[in-house]
Amino acid sequence: MKYKQSFQVDYTYEVHFTHNVFSSDNETLKDVFGDTAAKAMFFIDENVYKSFPTLKKDIQHWCEEHPQNINPCLPIHVVPGGEKIKNNFSIVENLISAMLEGGICRHSYVVIIGGGAVLDAVGFAAAIFHRGVRQVRIPTTILAQDDSGVGVKNAVNFLGSKNLLGTFAPATAVINDSLFISSLSEKDRLAGIAEAFKVALIKDEHFYDYLKVNSDGIKSGDPLVIENLIKRSAKLHMDHICQNGDPFEKGSSRPLDFGHWSAHKLEALTDHAISHGEAVAIGICLDMLIASLLGMVDLKTSLDVIGTFQKTGYAIWHPALEQKNEKGELAVVRGLTEFKEHLGGRLTIPMPTRIGEMTDIHELPVNLVKESLIQLKELAGVCK
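A brief report on the enclosed structure follows.

So, how was this worked out
Residues numbered from 1 in each chain as written. Predicted model: local features only at pLDDT ≥ 70, side-chain atom pairs only at ≥ 80, totals over all residues. Heavy atoms only, no water. Helix = DSSP H or I, 4+ residues; strand = E, 2+ residues; numbered from the N terminus. Buried < 20%, exposed > 50% of the residue type's maximum accessible area, 1.4 Å probe, protein only. Salt bridge = Lys/Arg side-chain N within 4 Å of Asp/Glu carboxyl O. Patch = residues over 30% accessible without salt bridge, like charges linked within 9 Å, V, L, I, M, F, W, Y side chains within 5 Å. Areas by Shrake-Rupley, 256 points an atom, 1.4 Å probe, with all protein chains shown as cover. Lys, Arg positive; Asp, Glu negative; His and termini not counted. Charge placed at Lys NZ, Arg CZ, Asp CG, Glu CD. Phe/Tyr/Trp six-rings, centres within 6.5 Å; stacked < 30°, edge-to-face > 60°. Lys NZ or Arg CZ within 6 Å of the ring centre and 35° of its normal. Polar contact = N/O pair within 3.5 Å; in protein donor to acceptor, adjacent residues only side chain to side chain. Contact = heavy atoms within 4.5 Å. Core = buried A, V, L, I, M, F, W, Y, C linked by side-chain atoms within 4.5 Å. Expected span 1.5 Å × (residues − 1). Pairing = 2+ DSSP bridges.

What to know about the environment of V213
For step 1, the next point in the chain: The residue V213 is located in helix 10 (residues 205-213) in this model.
For step 2, the next point in the chain: The exposure class assigned to V213 is exposed, which follows from its relative accessible area of 70%.
For step 3, the next point in the chain: With 95 residues separating them along the chain, V213 and T308 place their C-alpha atoms 9.1 Å apart.

Section: the pattern of salt bridges
For step 1, the next point in the chain: Under the definition given, this model contains 14 salt bridges.
For step 2, the next point in the chain: For K198, the salt bridge is made with D147, and the minimal N-O distance between the two is 3.5 Å. With a gap of 51 residues between them, K198 in helix 9 (residues 186-203) and D147 in the loop between helix 7 (142-146) and strand 7 (153-158) connect regions that are remote in the sequence.
For step 3, the next point in the chain: According to the relative accessible area criterion, D147 is buried, its value standing at 14%.
For step 4, the next point in the chain: Residue E322 is joined to K377 by a salt bridge in which the shortest nitrogen-to-oxygen separation is 2.9 Å. One end of the pair, E322, is in the loop between helix 15 (299-312) and helix 16 (334-342); the other, K377, is in helix 17 (residues 366-379), with 55 residues separating them in the sequence.
For step 5, the next point in the chain: Judged by its relative accessible area of 40%, E322 is partly exposed.
For step 6, the next point in the chain: Accessibility expressed as a relative area gives 11% for K377, which makes it buried.
For step 7, the next point in the chain: Among the charged side chains, a network of salt bridges with common partners joins D147, E195 and K198.

Some details on a negative patch on the surface
For step 1, the next point in the chain: There is a patch of like negative charges on the surface, built from E14, D25, E27 and D31.
For step 2, the next point in the chain: Counting through the fold element by element, D31 comes out in helix 1 (residues 28-33).

Looking at the packing of aromatic side chains
For step 1, the next point in the chain: Counted according to the given criterion, the structure contains eight aromatic pairs.
For step 2, the next point in the chain: Ring centres 5.8 Å apart and planes at 65 degrees place the aromatic pair F89 and F158 in the edge-to-face group. Taken together, the residues span a long stretch of sequence, with F89 in helix 5 (residues 89-101) and F158 in strand 7 at a distance of 69 residues.
For step 3, the next point in the chain: Take F89: its relative accessible area is 28%, and that puts it in the partly exposed class.
For step 4, the next point in the chain: Residue F158 is classed as partly exposed on the basis of its relative accessible area of 31%.
For step 5, the next point in the chain: Taken together, F197, Y208, F309 and Y314 form an aromatic cluster joined through their ring pairs.
For step 6, the next point in the chain: Cation over ring: K231 sits above F17, and NZ or CZ is 5.7 Å from the ring centre.

Side note on the side chain of N154
For step 1, the next point in the chain: Its place among the elements puts N154 in strand 7.
For step 2, the next point in the chain: A distance of 3.4 Å separates a polar atom in the side chain of N154 from a polar atom in the side chain of R137.
For step 3, the next point in the chain: Non-local contacts of N154, meaning those with residues more than four positions away in its chain, are made with L119, D120, G123, F124, A127, Q135, R137, L165, G166, T167 and A169.

Points about a nonpolar patch on the surface
For step 1, the next point in the chain: There is a patch of nonpolar side chains on the surface, built from F7, V9 and Y11 and spanning about 390 Å² of accessible area.
For step 2, the next point in the chain: Looking at the secondary structure, you find Y11 in the segment before strand 1 (14-18).

Brief notes about the environment of G166
For step 1, the next point in the chain: Examined against the element boundaries, G166 turns out to sit in strand 8 (residues 161-168).
For step 2, the next point in the chain: For G166 and V156, which are ten residues apart along the polypeptide, the C-alpha to C-alpha distance reads 6.2 Å.
For step 3, the next point in the chain: Residue contacts for G166: discarding those within four places in its chain leaves F124, N154 and A155.

Overview of the nonpolar core
In globular proteins that are soluble, nonpolar side chains generally tend to be buried together.
For step 1, the next point in the chain: With 63 residues, the main nonpolar core has I193, L229, W261, F309, I349 and L376 as its most contacted residues.
For step 2, the next point in the chain: With eleven residues, helix 14 (residues 276-293) is the largest single contributor of residues to this core.

Re helix 5
For step 1, the next point in the chain: Compared with an ideal rise of 1.5 Å per residue, which puts 13 residues at 18 Å, helix 5 spans 19 Å between its outermost C-alpha atoms and is within 8% of the ideal.
For step 2, the next point in the chain: As for helix 5, its buried residues are in contact with strand 2 (38-45), strand 4 (77-79), helix 4 (84-87), strand 5 (109-114), helix 6 (116-128) and strand 7.
For step 3, the next point in the chain: Among the residues trailing helix 5, G103 stands out with phi positive, at a value near 70 degrees.

Things to note about the pairing of strand 6 (residues 134-139)
For step 1, the next point in the chain: Of all six residues that make up strand 6, five are buried, and the element is covered over most of its length.
For step 2, the next point in the chain: The pairing of strand 5 with strand 6 spans six bridges and is classified as parallel. Paired with Y109 across the bridge in strand 6 is R134.
For step 3, the next point in the chain: Examined bridge by bridge, strand 6 and strand 9 (residues 173-177) share two bridges and lie parallel to one another. Residue pairing across strands places V136 opposite A173, the latter belonging to strand 9.

Remarks on unusual backbone geometry
For step 1, the next point in the chain: For A37, which is not glycine, the phi dihedral falls at a positive 50 degrees.
For step 2, the next point in the chain: Counting through the fold element by element, A37 comes out in the loop between helix 1 and strand 2.
For step 3, the next point in the chain: The class of A37 is partly exposed, set by a relative accessible area of 39%.
For step 4, the next point in the chain: In this model, R131 sits at a positive phi of 60 degrees, which is unusual for a non-glycine residue.
For step 5, the next point in the chain: Classification of R131 as exposed rests on a relative accessible area of 76%.

Function-wise, these values are silent; they only describe arrangement.
Rendered as structure tokens:
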């Protein structure tokens, strides 16, 4: 005999858009915490803290001004920024120790202020501490505000593999504060907007047209253009997560990973010298050419997309794409195997069928990858 049960768990989370969340008259956090005088511990990305050196004082002042919403007694922690926070598991242990020492419980909040890597690592620690405590994400990069920060995943790198350890743990709330992206360099700005291009190309033709028409504004950092694209990209990402029937990725189809099979490998091949967003831009261009060779989109469309990336300021080539392993094979091709393993054993690569629409393919001959790399190098104007 056997018993069988089934149950469902409902998740609800909000994404807020504001400016200067820690201004004493800003009530966004008040709405998130409610009138419970909740205990909260704040973790700040060291790179953000360098750009906003008064941030600790601003947080403390906000807490002191709102004692009905938050217990302001806990220390504020500055944590390593960038990929290094995800590469050293002892940092995760330190995060958990800080939560334990602070008396964080399942009714407390962990507030994470930082880029995608910090959101990932601190979010992972919060997700496994006491089997999961409430987290509030305050993304500080465009990449995190328009993509990763509004998602439901947390992860750290382990044993040399990207995001090998992780959880699905939706935040209680996400707060996109435009103040934090005002200080971003062009390089960091473009790195984040690559994911907006990605979701536009597979989900929303009109959004791609907006990005294309406003390529100059994107490159120059026009605040209104950036604000609009963040909101639209975040909405498309949220809609996919919540409406496609597979929020925790139990299946193999992952449309939001368009351009990512080679991007993840390229990041590793450069030892993360290029950012995730820069790698995704190159990966998208490569997959557009592959889609043309497969007859899925016409070459004119692919060239239009690649030209738009170039006009917006993206590099579409990196010499690591030509690296070879000890057997003389292109190292980037290993990305197909790693992608397949991460998906559970079946290769599933999203590919466009036209701007705004896509389908999955399950085979990708290596010769097509090689031919597309040759084409991409030529389009980038790189001499042999």
